[in-house]
Amino acid sequence: MTTKSKKQIEVGEAVGIVAAQSIGEPGTQMTMRTFHYAGVAEQVPTGLPRLIELVDARKEPKKPIMDIFLKEEYAASEEKAKAVAKDIECTTLDKVAYVEEDFEEKKILITLEPSELETEGVVASEVAKKVKALAGSHVEHKDNVITVKPTTSSLRNIRRLTNKLKQVHIKGVERISRTLVVKGKDGKYFIRTSGSNLATLMKNPKVDTERLYTNDVQETARVLGIEAARNALVREIKQVLDMQNLNVDVRHCMLLADAMTMGGEIKSIGRHGLSGEKAGVLARAAFEETVKHLINAATHGDDDKLIGVTENIIIGQTVPVGTGLVRLKVKLG
Amino acid sequence: MKRKKIRKRKKLLPGAIGPRTSVFINGRLVGEHEKGEALVAELKSRRRQGSLSSQVNFYFNRKSDDFFINTDSGRARRPYIVVEAGQSRLTPVLLEQLKKGEITWNGLIKLGVIEYLDAEEEEGALVALREENLSPDHTHLEIDPVSIFGVTVSVLPFPEYNSSPRITMACAMAKQSLGTYSVNFNMRNDSRAHIMYYPQQPLAQTHPYKLLGFAERAAGQNFIVAITSSYGYNIGDAVVMNKNAIDRGLGRSVFYKAHESEERRYPGGQKDTFEIPLPTTSGYREEKAYRFLGEDGMISPECEVKAKDALVGKTSPPRFLEEITVFGVIEEKKRESSLVLKSGEDGVVDSVMLTDSLAGTKLVKVRVRSTKVPEVGDKFASRHGQKGVIGLLRPQEDMPFTADGIVPDLIINPHAIPSRMTVGHLLEMLGSKAACYSGNLVDATPFSGDREEDIRKIMKEHNLEEFGEETLYDGITGMPIKTKIFIGVIYYQKLHHLVSNKMHVRSRGPVQLLTHQPTEGRSREGGLRFGEMERDCLIGYGASMLLRERLLDESDKTSLLVCEKCGSIGYHDFVKNRDNCPLCDDSKLEQVEMSYAFKLLLDEIESLGIFPRLILRDKA
């Protein structure tokens, strides 16, 4: 046996259970510590809430965040980095204008603020164009006032349109609500954002796309594919555990991430994900919603092949793990 | 009188509310007063003069301008010395009179020297703990600093030298100590009772301890304690005890347990009977079990009873009425329902009492007594939150001894001290040791007891090492131990957690009727649960065979007949001597091993209207 093969996991090792215990045991400590910190306003969820968020495969993290590293020529100076940040930050209409309805005349008045326009670096006509794109009909632009005459006369629909108009995207990258230029450990500047938009920023020539970071795993899966999402999951889980000074081997996190992503899309752990898709009827029935699984199995005439651990424990056989995996065969002739 | 001054509350006009004080009596608004503060002062001074009852309390809330007068019952009140202009009203002259007995407590209350405050009036009082702390702002003075403690704390020695969590623990443990809980314990039938053989009063006592008369109902003994390691037998809060000291009666107690049985009446006029059951009774035990019973079915005092012995013989009417056989009506068969001693409750019958219950039926109470000599696993604690379990009973000849030949009763580990900061424990050891030589009790009253210097002085007076450290000689080798060892006397309590009432083992035993799994709990001779997390560990380790042993072979293994054709569970027909499938007429059935719980699951699924089939295959 070589040293390498000794280090490898043997056939029949219950890696899943070991991984679950290895993450779960320090996790109990995390629970206690998390509740201890309750009440402290956190910017980004860390610790147990974040871990739950990852494992539950939520559509969007509670606080999406990006770290945008810049190409050499922009990363060196703070000013240039700030300029890029300003370009990226998303500006909406209500930031540069005052939007109000005139219910008697059935129109919406948008009063642009020249000073705001200037600081944001947008021209009034451009704004009017964007408004037109959304509202379509009857948009008049005169000096600093844009008048929208909606086609509908219902007050409710006017209010709805107003709210939509307020959120009209004027400039910058969508969903990036705030930016902050931070000096990295290497002395280079990078941009930390609140909100995430991987697809758009990948196209930005000023961005060092190879190092672009987002904490939104689902978005990573959409933009970069499932393999990238797996890596992102491993990284995020490990990061949460490291932050709490919990020494968990990465390979446990890797197994967890593998299990979550092996279907080509991110599956959650639990009833609606991994555990709900176990092969055995008995295993699923033993987990949650017993009757539902039993009745479904009955109507379909399902078989339980008794492959898993849970099933075999239920009926009282040796589990196909470790020593239970070995079978004796008689060699004939 | 009060009423005159308080105006009837007028209609509440917006302007009329004004800066008037609302007056409440026993929580009900009765009116308003223009000068609340003056009213409070006046009423209080009248109470002190004696023209108002001393049981009335006043509370003026300056913030909300409310004045509360409380006279109702059920308020907790406590006494204080009244302070006026920074001067205690309990003058040296009064104190002298009090000592001579010329004036009484009630006299002081009448004089307005002492007054009782309730929780509300306390809110407006500024109380000084000691007379020297008095300032012109103070309204009251504590009679003694100890009075800030309740009963449980104030009997602890030197609590001001201990960390607060240890005091809390000491209080909790003092309540579990064995002593003389009641003087008429001989006439009582408490379901469980412990009485200490030779209780002693502590050498270090607090003033409240004496006042409360605890010395007459002591719950502990003064142990000679050395603080040193002892061949590893006192690691982790274990203690080593002197075997010979125990044989001399140290820490010895009796345990009484009362068992009762009643002649119950059943609907239909039938009732239980106290008697020695006949061998024909259903559920009849071994004849041996009834050997102590008299004709009336009752045991006599001083019988040495063991597990499975009947204390009271009793039979009950059958659960169902007469069974009819071919011979006509058969005589009803009685059920055995004797009061039987469980395992681990062995002892001597102390008393048998026959009375009648509230329902008017016969009721027997049998009290069984057993002597509990300290053994490995029994729990002891000092009054400083220092508890420990006996780890070893060592013969006296093997215990360390001092130059004077003093052998400790108990050896605790030095690691028990630093992190817990129970300095009081050390001080009590030193103080009680000094008390042994001087012949006087130590005053361990919180805040005002003997000080370390006082104790050290006594030690010096008797030519003793003033810090209580002595050279000990190893009892096994006879060689002096290089380090000096702290040895002293301290009051230890035996706590009612005795191993003999707790220990439990099972190799084989009863199973539950429904699941065929082992029963749960000590009283039912139960097994220890091999739970989900334990199961996970075996899976994680890959120990399949061990897992099957725990979950199947040593639990609810069953063998059932399963039809090879349809997969349903069949049975063996002993009359026709053939295996039978409930569905198929002629099919082969196979013996299959499974857990009984799984069989129940199959039944349960069937009850849902689902037909589960078992598809059989040879084990590969």
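Values in this document were obtained by computation on a predicted structure and should not be read as measured data. (Residues numbered from 1 in each chain as written. Chains lettered and ligands numbered in written order. Predicted model: local features only at pLDDT ≥ 70, side-chain atom pairs only at ≥ 80, totals over all residues. Heavy atoms only, no water.)

Trainee: Would you explain the overall build of chain A in this entry?
Mentor: Along the backbone of chain A there are 16 helices and ten strands. In summary, chain A has a C-alpha radius of gyration of 28 Å against a globular reference of 20 Å for 333 residues, an excess of more than 25%. Counting only C-alpha atoms, chain A reaches 100 × 55 × 50 Å along its principal axes. Counting all 333 residues of chain A, 39% fall into the buried class. A separation threshold of at least 6 residues defines the contact pool for chain A, and within that pool the share at least 24 residues apart is 57%. When the accessible surface of chain A is split by element, carbon and sulfur atoms take 53% of a total near 20,000 Å². Across chain A, the 50 positively charged side chains and the 46 negatively charged ones have centroids separated by 3 Å. (Helix = DSSP H or I, 4+ residues; strand = E, 2+ residues; numbered from the N terminus. Rg over C-alpha atoms; globule rule 2.2 N^0.38 Å. Buried < 20%, exposed > 50% of the residue type's maximum accessible area, 1.4 Å probe, protein only. Contact = heavy atoms within 4.5 Å. Areas by Shrake-Rupley, 256 points an atom, 1.4 Å probe, with all protein chains shown as cover. Lys, Arg positive; Asp, Glu negative; His and termini not counted. Charge placed at Lys NZ, Arg CZ, Asp CG, Glu CD.)

Trainee: Would you explain the overall build of chain B in this entry?
Mentor: What chain B contains, in helices and strands, is 14 helices and 36 strands. C-alpha atoms of chain B, sized along the principal axes, occupy 110 × 90 × 60 Å. Evaluated residue by residue, chain B yields a buried proportion of 43% over its 620 residues. Across chain B, contacts joining residues at least 24 apart in sequence account for 64% of those joining residues at least 6 apart. Looking at chain B, you have 86 positive and 85 negative side-chain charges, and the mean spots of the two groups are 6 Å apart.

Trainee: Hey, could you run me through the domain arrangement of chain B in this one?
Mentor: Put simply, an interface is often sized by how much accessible area is lost when its parts join up. Residues and elements named next belong to chain B. Split by domain assignment, chain B resolves into domain 1 (2–70), domain 2 (77–143), domain 3 (159–252 + 375–494), domain 4 (258–368) and domain 5 (506–620). For domain 3 and domain 4, the distance between their C-alpha centroids amounts to 47 Å. Across the boundary between the two partners, domain 3 contributes seven residues, which contact six residues of domain 4. Taken together, the two surfaces of domain 3 and domain 4 that pack against each other cover about 430 Å², and 30% of this comes from carbon and sulfur. There are zero salt bridges connecting domain 3 and domain 4. Summed over the shared surface of domain 3 and domain 4, the result is four residue pairs in polar contact (both at pLDDT 80 or more). Looking at side-chain class alone, the side of domain 3 that touches domain 4 contains two nonpolar, three polar and two charged residues. (Domains from an automatic or database assignment. Buried area = accessible area lost by both parts, 1.4 Å probe. Salt bridge = Lys/Arg side-chain N within 4 Å of Asp/Glu carboxyl O. Polar contact = N/O pair within 3.5 Å; in protein donor to acceptor, adjacent residues only side chain to side chain. Nonpolar A, V, L, I, M, F, W, Y, C, P; charged D, E, K, R; others polar.)

Trainee: Can you walk me through the layout of surface pockets in this structure?
Mentor: Any empty space left between atoms is shown by rolling a water-sized probe over those atoms. Considered as a void within the structure, the second largest pocket measures approximately 1,800 Å³ in volume. As for the second largest pocket, its lining consists of 47 residues, and the residues nearest its centre are A:Asp304, A:Leu306, A:Ile315, A:Gln317 and B:Ile615. Every element with two or more residues in the lining of the second largest pocket is listed here: α14 (281–287), α15 (290–300) and α16 (309–315) of chain A together with α13 (544–556), β36 (589–595) and α14 (596–607) of chain B. It is β36(B) that provides the largest number of residues to the lining of the second largest pocket, a total of five residues. Considered class by class, the residues forming the lining of the second largest pocket number 27 nonpolar, seven polar and 13 charged. (1 Å grid on protein atoms, 1.4 Å probe; cavity = no way out; pocket = protein on both sides within 12 Å on 5 of 7 lines; lining within 4 Å. Points joined across faces, edges and corners; volume = space filled by probe spheres on them.)

Trainee: What should I look at first to understand the sheet that holds strand β6 (residues 145–148) of chain A in this one?
Mentor: Strand pairs in the sheet, formed through backbone hydrogen bonds, run parallel or antiparallel to each other. Residues and elements named next belong to chain A. Ordered in space as β3-β4-β6-β5, the four strands form an open sheet in which the pairing is antiparallel. A strand with exactly one partner marks an edge of an open sheet, and here the two such strands are β3 (97–102) and β5 (139–142). Strand-to-strand twist across the sheet, computed as the mean angle between neighbouring axes with direction ignored, equals 15°. In the sheet, β3 pairs with strand β4 (residues 107–112) via six bridges, with the strands oriented antiparallel. Bridge pairing in β4 links Asp-102 to Lys-107. (Pairing = 2+ DSSP bridges. Axes fitted to C-alpha atoms, helices over the stretch in contact; angles between N-to-C directions.)

Trainee: Which parts of the structure should I look at to understand the interface of chain B and chain A?
Mentor: If you look at the interface, chain B gives 23 residues, while chain A gives 23 residues. Carbon and sulfur atoms supply 71% of the area that chain B and chain A bury against each other, a total of about 1,800 Å² over both sides. Summed over the shared surface of chain B and chain A, the result is zero salt bridges. In this structure, the connection of chain B to chain A is made through seven residue pairs in polar contact (both at pLDDT 80 or more). Listing elements by their share of the side of chain B that touches chain A, those giving two or more residues are α12 (532–541), α13, β36 and α14 of chain B.

Trainee: How should I be thinking about the sheet that holds strand β1 (residues 65–69) of chain A in this particular structure?
Mentor: Residues and elements named next belong to chain A. With antiparallel pairing, four strands are arranged side by side in an open sheet as β8-β9-β1-β10. Among the strands making up the open sheet, the edge pair consists of β8 (178–183) and β10 (213–214). Sheet topology note: the β1/strand β9 (residues 189–194) ladder contains five bridges and is antiparallel. Residue pairing in the sheet places Asp-67 in a bridge with Arg-192 of β9.

Trainee: Help me understand the pattern of salt bridges in this model?
Mentor: If the charged atoms of two oppositely charged side chains come close together, the side chains can form a pair. All names here are of chain B. Scanning the entire structure with this criterion turns up 55 salt bridges over all chains. Note that Asp-118 is salt-bridged to Arg-75, the shortest N-O span being 3.4 Å. Of this pair, Asp-118 sits in strand β8 (residues 114–118) while Arg-75 sits in the loop between β5 (66–70) and β6 (77–84), and the two are 43 residues apart along the sequence. In this structure, Glu-336 and Arg-285 form a salt bridge, with 3.7 Å as the shortest nitrogen-oxygen distance. On the criterion of sequence distance, the pair formed by Glu-336 in strand β22 (residues 335–336) and Arg-285 in the loop between β16 (273–274) and β17 (304–305) is long-range, its members being 51 residues apart.

Trainee: Help me understand the side chain of B:His259, please; the structure alone is not making it clear to me.
Mentor: Position of B:His259 relative to the elements: it lies in strand β15 (residues 253–262). What B:His259 contacts, discounting residues up to four positions off in sequence, is B:Leu311, B:Leu339, B:Leu341, B:Glu345, B:Val364, B:Lys365, B:Val366 and B:Val368.

Trainee: Can you help me understand unusual backbone geometry in this one?
Mentor: Residues other than glycine predominantly adopt negative phi, and peptide bonds predominantly adopt the trans conformation. All names here are of chain B. Residue Ala-85 is not a glycine yet carries a positive backbone phi of 50°. Non-glycine residue Phe-158 carries a positive phi angle of around 45°. The class for Phe-158 is buried, based on a relative accessible area of 1%.

Trainee: In this structure, what is going on with the packing of aromatic side chains? I would like to understand it.
Mentor: Two measures describe an aromatic ring pair: the distance that separates the ring centres and the angle between the ring planes. Residue and element names in this part refer to chain B. This model, assessed by the stated rule, comprises 14 aromatic pairs over all chains. With a centroid separation of 6.5 Å and an interplanar angle of 85°, the aromatic rings of Trp-105 and Tyr-116 are classed as edge-to-face. Pair noted here: Trp-105 is in helix α4 (residues 105–110) and Tyr-116 is in strand β8, with a separation of eleven residues, a long-range link. Overall, the relative accessible area of 37% leaves Trp-105 in the partly exposed class. (Phe/Tyr/Trp six-rings, centres within 6.5 Å; stacked < 30°, edge-to-face > 60°.)

Trainee: Whenever I open this one, the domain arrangement of chain A confuses me. Can you help?
Mentor: Here the domain parsing of chain A yields domain 1 (14–61 + 218–261), domain 2 (65–89 + 175–214), domain 3 (91–171) and domain 4 (278–316). Each of domain 2 of chain A and domain 4 of chain A has a C-alpha centre, and the two are 50 Å apart.

Trainee: Quick question: what am I supposed to make of the pairing of β15(B) here?
Mentor: Two faces make up the sheet, and in a regular strand the side chains alternate between them. All names here are of chain B. With eight of ten residues buried, β15 is to be regarded as a mostly interior element. Bridge analysis of strand β11 (residues 192–196) against β15 gives five bridges, and the strand direction is antiparallel. What sits directly across from Arg-192, in β15, is Lys-257.

Trainee: Would you take a moment to explain the nonpolar core for this structure?
Mentor: Across soluble globular proteins, you tend to see nonpolar side chains buried next to one another. All names here are of chain B. Of all hydrophobic cores here, the largest spans 30 residues; its most connected members are Phe-223, Val-225, Met-241, Leu-410, Ile-412, Ile-455 and Tyr-492. Secondary-structure elements contributing two or more residues to this core are β13 (221–227), β14 (238–242), α9 (243–247), β29 (410–412), α10 (423–438), α11 (452–461) and β32 (480–494). Counting residues per element, this core draws most heavily on α10, at five residues. (Core = buried A, V, L, I, M, F, W, Y, C linked by side-chain atoms within 4.5 Å.)

Trainee: What should I look at first to understand a nonpolar patch on the surface in this one?
Mentor: Residue and element names in this part refer to chain A. Taken together, the side chains of Ile-9, Val-15 and Leu-255 define a hydrophobic patch exposed on the protein surface, amounting to about 240 Å² of accessible area. Mapped onto the secondary structure, Val-15 falls in helix α2 (residues 15–36). Residue Val-15 is classed as partly exposed on the basis of its relative accessible area, which comes to 34%. (Patch = residues over 30% accessible without salt bridge, like charges linked within 9 Å, V, L, I, M, F, W, Y side chains within 5 Å.)

Trainee: Just checking my understanding: could you explain the environment of B:Ile481 for this structure?
Mentor: Residues and elements named next belong to chain B. Of note, Ile-481 is situated in strand β32. We classify Ile-481 as partly exposed; its relative accessible area is 26%. When the C-alpha positions of Ile-481 and Phe-401 are compared, they lie 10.0 Å apart, and in sequence the two are 80 residues distant. Among all residues touching Ile-481, those that are not within four sequence positions of it are Pro-400, Thr-471, Leu-472, Tyr-473 and Asp-474.

Trainee: How do you make sense of α13(B) when you look at a structure like this?
Mentor: Residues that lie three or four places apart on an α-helix share one face, since the helix turns once every 3.6 residues. The end-to-end C-alpha separation of α13(B) is 17 Å, in line with the 18 Å expected for 13 residues at 1.5 Å each. A bend of about 30° at B:Arg550 is the largest found in α13(B). Where α13(B) is buried, its residues meet α16 of chain A together with α12, β33 (557–563), β36 and α14 of chain B. (Expected span 1.5 Å × (residues − 1). Bend = angle between axes of the 7 residues up to and from the residue.)

Trainee: Please explain the packing of helix α12 (residues 226–243) of chain A against helix α13 (residues 250–261) of chain A as it appears in this structure.
Mentor: Helix-helix packing is described using two parameters, namely the angle between the two axes and the distance between the axes. All names here are of chain A. As a packed pair, α12 and α13 sit with axes 9 Å apart at the nearest point and diverge in direction by 140°. Relative to α13, the element α12 is oriented oblique. For α12 against α13, the interelement crossing comes out right-handed. Across the interface between the two elements, Ile-226, Arg-230, Leu-233, Val-234, Ile-237, Lys-238 and Leu-241 from α12 touch Val-250, Cys-253, Met-254, Leu-256, Ala-257, Asp-258, Met-260 and Thr-261 from α13. Grouping the constituent residues of the contact of α12 with α13 by class yields eleven nonpolar, one polar and three charged. (Parallel < 35°, antiparallel > 145°, perpendicular 65-115°, else oblique. Left-handed = near helix turned anticlockwise from the far one by under 90°.)

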